[in-house]
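Descriptive structure summary
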Amino acid sequence: PLFDRQWHLENRDPATGVSRGVDLNVRAAWALTRGANVTVGVADGGVQVTHPDLGQTTGAPHYDFFGDRPGEPMSDSDGVHGTACAGLIAATGGNNLGVVGLAPEARLASWPIFGLHDFGDGQGPVDVFADDAALAKLFRYRNDSVAVQNHSWGSSSVALSPIDALSNAAIGDAVTSGRSGLGVVIVRAGGNNREGLTNSDDDGFAADPRTIAVAAVRADGRRSEEHTSELQS
């Protein structure tokens with residue numbers, strides 16, 4: 001029921017069909033495929049696998065890479081960002097509920113890479129990122145069946161951030177040997193802080209030619225930025 005608000009999928013006047021700006025031309029893609037038989041691993045804070053609009057998480061190869069436990073997706077109350085990303089990717093279509101994903105028939109695997117850790121400094125548990133070994137394990141995980149990996153976590157630093165050696169080798173394995181030589185498609189967020197002078201070229205994962213770095217624009221085609229007065233005008 002909210003498809004007409006999803007301008008990123010189709011940005012047309014509903015009455016005339018005239019284009020109102022940029023979009024992904026999703027109907028043209030849906031004529032070819034809606035993602036059936038494709039599994040997408042969502043590397044994030046976890047996906048709410050019981051969400052009523054994410055039914056295609058059932059039986060997927062979930063893995064908690066922070067806790068190093070198979071089949072351990074996040075609970076109902078966790079994984080807000082990961083759940084939102086999963087909905088953009090593959091929210092169920094035609095069910096009279098919410099939105100529809102870009103590939104509504106794709107399968108979704110919850111791959112948490114964040115978790116709470118208490119350093120014993122009296123500050124209590126804080127949210128931290130998985131270590132290099134866990135991340136390398138993720139890039140190689142179930143490469144026989146997971147066709148796409150979505151990495152919507154990014155760097156907010158203006159410093160150069162190279163890929164660690166373990167992940168570098170694992171990405172190489174994924175894109176050359178994954179899916180019997182077809183390769184795994186690795187999608188990486190460009191980041192949300194352009195106004196703060198961050199540059200995706202400084203992020204080794206986004207700048208790597210083996211991955212697809214994704215940025216964002218507004219409905220009128222202008223670049224998206226975070227924390228800008230223009231967004232409030």
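See the structure above.
Values in this document were obtained by computation on a predicted structure and should not be read as measured data.

1. Remarks on the nonpolar core
Phe65, Trp111, Ile113, Leu138, Phe139 and Phe205 are the most contacted members of the largest nonpolar core, which totals 23 residues. Only strand E4 (107–112), helix H3 (132–140) and helix H4 (165–177) provide two or more residues apiece to this core. Ranked by the residues each element gives to this core, the list is headed by H3, at five residues. With near-sequence residues (within four places) excluded, Phe139 lies in contact with Gln149, His151, Ser167, Ala170, Ile171, Ala174, Ile186 and Phe205. Val40, Val47, Ala147 and Val187 belong to the second-largest nonpolar core, a separate cluster that totals 14 residues.

2. Brief notes about the pairing of strand E1 (residues 39–44)
For E1, a buried count of six out of six residues is recorded, marking the element as mostly surrounded by other parts of the structure. Burial of the side chains of E1 extends over both faces: Thr39, Gly41 and Ala43 are buried on one face and Val40, Val42 and Asp44 on the other. Pairing analysis gives six bridges linking E1 to E4, with the strands arranged parallel. Residue pairing across strands places Ala43 opposite Trp111, the latter belonging to E4.

The rules we used
Residues numbered from 1 in each chain as written. Predicted model: local features only at pLDDT ≥ 70, side-chain atom pairs only at ≥ 80, totals over all residues. Heavy atoms only, no water. Core = buried A, V, L, I, M, F, W, Y, C linked by side-chain atoms within 4.5 Å. Buried < 20%, exposed > 50% of the residue type's maximum accessible area, 1.4 Å probe, protein only. Helix = DSSP H or I, 4+ residues; strand = E, 2+ residues; numbered from the N terminus. Contact = heavy atoms within 4.5 Å. Pairing = 2+ DSSP bridges.

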